[in-house]
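Residue-level structural notes
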Amino acid sequence: MNTTDTIAAPASAVGGAVTVIRISGPEALTVLKKVWQGKNDPGKESNFRKMLLGNVKGDPALAVFMPGPRSYTGDDVAEIHCHGGAAAAANAVEAILSAGARSAEPGEFTFRAFVNGKLDLTQAEAVSDLICAGSNAALKLAERQLAGSLSEKLNGIYEKISALISECEARLDFPDEELDFDPQDAGKIEDIRKHIKNLLDSGRAGALIRDGIDVVLAGKPNAGKSSLFNLLAGSERAIVTPIPGTTRDTVESQIVLCDLPVKLTDTAGLRETPDPVEQLGVARSRRAIAAAKVVFWVLDASVSDLQSEATEIEFIPGTIAVWNKCDLVAPDTVLPQLPCPAVRISATENTNIDDLLAEFTKIVYGEKENARIPEVAVNARAKALLEEAESALQQALSQFADGDFELAASDLRNALHAIGKITGKSSDPDVLDEIFRNFCIGK
């Protein structure tokens, strides 16, 4: 991607009430004036950053011009807000491209913001996270990162490593002075590693919040899996009947549980059956259970032989025993003890669902409720680079102890380079291409 062309693309989805078409580059104002007509001049200083009414090819449209560097990309930026219908938006885009702009590549507007110093690389990644956020937790995390919370911590680490490099180089510049290893340097390196460890610890929570989790409802036929599925999904997605084996295939729904994006899967009841269609459903159930992070294993609390019912559950990691139909039994009914978390619920009466979600939270986070949404959370790319930096710091610590300041400086530079790659201070063109090509066109 070059940064000298004038580029354009819809910055909002076509088909809504309004489509926003963004133009960025040195000829943004020229292109705007060629396609948009109105009573007011968008290039007049008093009209900068004001929405002006006019038209594009006869269709009503608003226009605004934002000269750089005070714009999203840092370049001159113009926007046209036209009717959101596909025809109106297509006509406006065609006119803009004919006026001298070219179609923007995926992520090219944010790439220019990065190149022009409006955002660092972690903030640019937050733009993508913001767009893809599937829950309030993901949204808050992306907003914090876009505001610079992660950048601030990484820049602090970067400065501390730079200071240690300066100390090493001072010893190398004056070898005759025979400067000894400063005992405080070990503490400084450990302090940096502690900060890196804290960021690494945030990666697991960040992955859960950004990517979500697979939850599967399992159990024998007629235990109430589909009723619980419909309750959690908030709609009648799965067919519910008193006939065992109604569900023959997996049914999926994307929902939010405990502020996490969740792919919830209802499965065919697990039992031996001569029916070849039901056998296929059971096989799919097994595959879904094996791939799930959490399994709600639904048991029927209303049966006469509870001990036999308890033997139906398969104790795999991430399993919660869900004793369903508790509205049909006495409250003091003693249920069998199981070697996994267990809750009593009634899916039809919406009873004790909060207890189920509390156990779900414990399995997913394994930590206190108030620590679920971290202040910052690194993604997989940053996690790998932080691990690289931590390893280099450990090597530097050993070199310091041996008095080999030249090798220590080399290890510290490796750590510095890894941290710089996270924020973009040390940029790799291939990495930049990989990051920005995953953006939407227009972002």
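This text gives an overview of the structure that appears in the document.

Observations regarding the overall build of the protein
When helices and strands are tallied, the protein shows 14 helices and 13 strands. A globule of 443 residues ought to have a C-alpha radius of gyration of about 22 Å, yet the protein, at 29 Å, is considerably larger. Reported as C-alpha extents along the three principal axes, the dimensions of the protein are approximately 80 × 80 × 40 Å. Residues classed as buried in the protein amount to 49% of the 443 residues present. Nonlocal contacts in the protein, meaning residues at least 24 apart in sequence, comprise 62% of its contacts between residues at least 6 apart. By element, 51% of the accessible surface of the protein is carried by carbon and sulfur atoms, the whole surface being about 21,100 Å².

Describing empty space enclosed by the protein
Under the definition given, this model contains one cavity of 30 Å³ or more. Lining of the largest cavity is provided by Val-56, Asp-59, Pro-60, Ala-61, Cys-82, Ala-88, Asn-91 and Ala-92. Elements that contribute at least two residues to the lining of the largest cavity include exactly strand S5 (59-66) and helix H2 (86-98). Residue classes in the lining of the largest cavity are distributed as six nonpolar, one polar and one charged.

Some details on the packing of aromatic side chains
Scanning all chains against the criterion turns up five aromatic pairs. For the ring pair Phe-111 and Phe-436, a centre distance of 5.4 Å and an interplane angle of 85° mean the geometry is edge-to-face. You can see Phe-111 sitting in helix H3 (residues 108-115) and its partner Phe-436 sitting in helix H14 (residues 429-436), a full 325 residues away along the chain. Each member of the pair, Phe-111 as well as Phe-436, is classed as buried. Ring geometry for Phe-296 against Phe-360: centres 6.1 Å apart, planes inclined by 80°, an arrangement best described as edge-to-face. With Phe-296 in strand S11 (residues 294-300) and Phe-360 in helix H11 (residues 353-365), this residue pair connects regions lying 64 residues apart in the sequence. Both residues of the pair, Phe-296 and Phe-360, count as buried. What links up through ring pairs into an aromatic cluster is the set Phe-111, Phe-114, Phe-436 and Phe-439. Against the face of Phe-109 rests Arg-22, its NZ or CZ located 5.3 Å from the ring centre.

A short note on H11
Helix length check: H11 (13 residues) gives 18 Å between terminal C-alpha atoms against 18 Å at 1.5 Å per residue, within 8%. Of the residues making up H11, those classed as buried are Ile-353, Leu-356, Leu-357, Glu-359, Phe-360, Thr-361, Val-364 and Tyr-365. The first or second residue beyond H11 is Gly-366, which carries a positive phi of 60°.

Re H14
If you check which residues of H14 are buried, you get Leu-432, Ile-435 and Phe-436. Angular distribution of buried residues about the axis of H14 spans 85°; they occupy a single face of the element. Along its buried surface, H14 packs onto H3, helix H4 (121-132) and helix H12 (380-401).

Points about the nonpolar core
Generally speaking, a soluble globular protein has its nonpolar side chains buried in company with each other. Counting residues in each nonpolar core, the largest one holds 34 residues, and the members touching the most others are Leu-228, Val-262, Phe-296 and Phe-360. Here the element with the most residues in this core is H11; it accounts for six residues. With residues up to four places along the chain from it excluded, the contact list for Leu-228 reads Leu-217, Val-298, Val-322, Ile-345, Ala-347, Ile-353 and Leu-356. Of all hydrophobic cores here, the second largest spans 32 residues; its members include Val-376, Leu-386, Leu-393 and Leu-397.

With respect to the environment of Thr-267
Turning to its location among the elements, Thr-267 is positioned in the loop between strand S10 (260-266) and helix H9 (276-291). Spatially, the C-alpha atom of Thr-267 lies 26 Å from that of Ala-207, the residues being 60 residues apart in sequence. Of note is the side chain of Thr-267, whose polar atom sits 2.6 Å from the backbone oxygen of Leu-217.

A word on the pairing of strand S12 (residues 319-324)
S12 sits mainly inside the fold: six of its six residues count as buried. Side chains of S12 alternate between two faces, with Thr-319, Ala-321 and Trp-323 and Ile-320, Val-322 and Asn-324 buried alike. Strand direction decides the pairing type here: S11 and S12, joined by six bridges, are parallel. Considered in S12, the bridge of Trp-297 is made with Ala-321. Of the strand pairs in this sheet, S12 and strand S13 (residues 342-344) are connected by three bridges, and their pairing is parallel. Pairing of Trp-323 across the sheet is with Arg-344, part of S13.

Rules and cut-offs
Throughout, a residue's number is its position along its own chain's written sequence, starting from 1. Local features in this predicted model are restricted to residues whose pLDDT is 70 or higher, and side-chain atom pairs enter the listing and the counts only when it is 80 or higher, whereas totals over whole chains, interfaces and linings include all residues. Excluded from the side-chain calculation are hydrogens and water; included are all heavy atoms of the structure. Per the convention used, a helix needs a DSSP run of H or I reaching at least four residues, while a strand needs a run of E reaching at least two, with both numbered from the N terminus. Radius of gyration here uses only the C-alpha atoms, and the compact-globule reference equals 2.2 Å multiplied by the residue count raised to the power 0.38. Here the term buried applies to any residue with accessible area under 20% of the maximum for its type, exposed to any over 50%, and partly exposed to those in between, with areas from a 1.4 Å probe on protein chains only. Contact definition: two residues touch when any of their heavy atoms are within 4.5 Å. Per-residue and other accessible areas follow the Shrake-Rupley method at a 1.4 Å probe size, with only the shown protein chains counted as cover for residues. In the cavity and pocket records, a cavity denotes points on a 1 Å grid over the protein atoms alone where a 1.4 Å probe fits but cannot get out, a pocket denotes an open set with protein on both sides within 12 Å along at least 5 of 7 lines, and lining residues are residues with an atom within 4 Å of a point. Grid points are joined across faces, edges and corners, and a volume is the space filled by probe spheres set on the points. Polar here means any residue outside two lists: the nonpolar Ala, Val, Leu, Ile, Met, Phe, Trp, Tyr, Cys and Pro, and the charged Asp, Glu, Lys and Arg; Gly therefore counts as polar. Two rings from Phe, Tyr or Trp (for Trp, the six-membered ring) form a pair when their centres sit within 6.5 Å of each other. Planes less than 30 degrees apart are called stacked, planes more than 60 degrees apart edge-to-face, and all others tilted. Whether a charge sits over a ring depends on NZ of Lys or CZ of Arg being within 6 Å of the ring centre and within 35 degrees of the ring normal. Given the number of residues in a helix, its expected span is that number minus one, multiplied by 1.5 Å. The reported arc concerns the directions from the helix axis to the C-beta atoms and nothing else. Here, the term nonpolar core denotes a set of buried Ala, Val, Leu, Ile, Met, Phe, Trp, Tyr and Cys residues that are joined through side-chain atoms within 4.5 Å. Polar contacts, as counted here, are pairs of nitrogen or oxygen atoms within 3.5 Å of one another; within protein the pair requires one atom able to donate a hydrogen and one able to accept it, and residues that are adjacent in sequence qualify only if both atoms are side-chain atoms. In this description, strands pair whenever DSSP reports at least two bridges between them.

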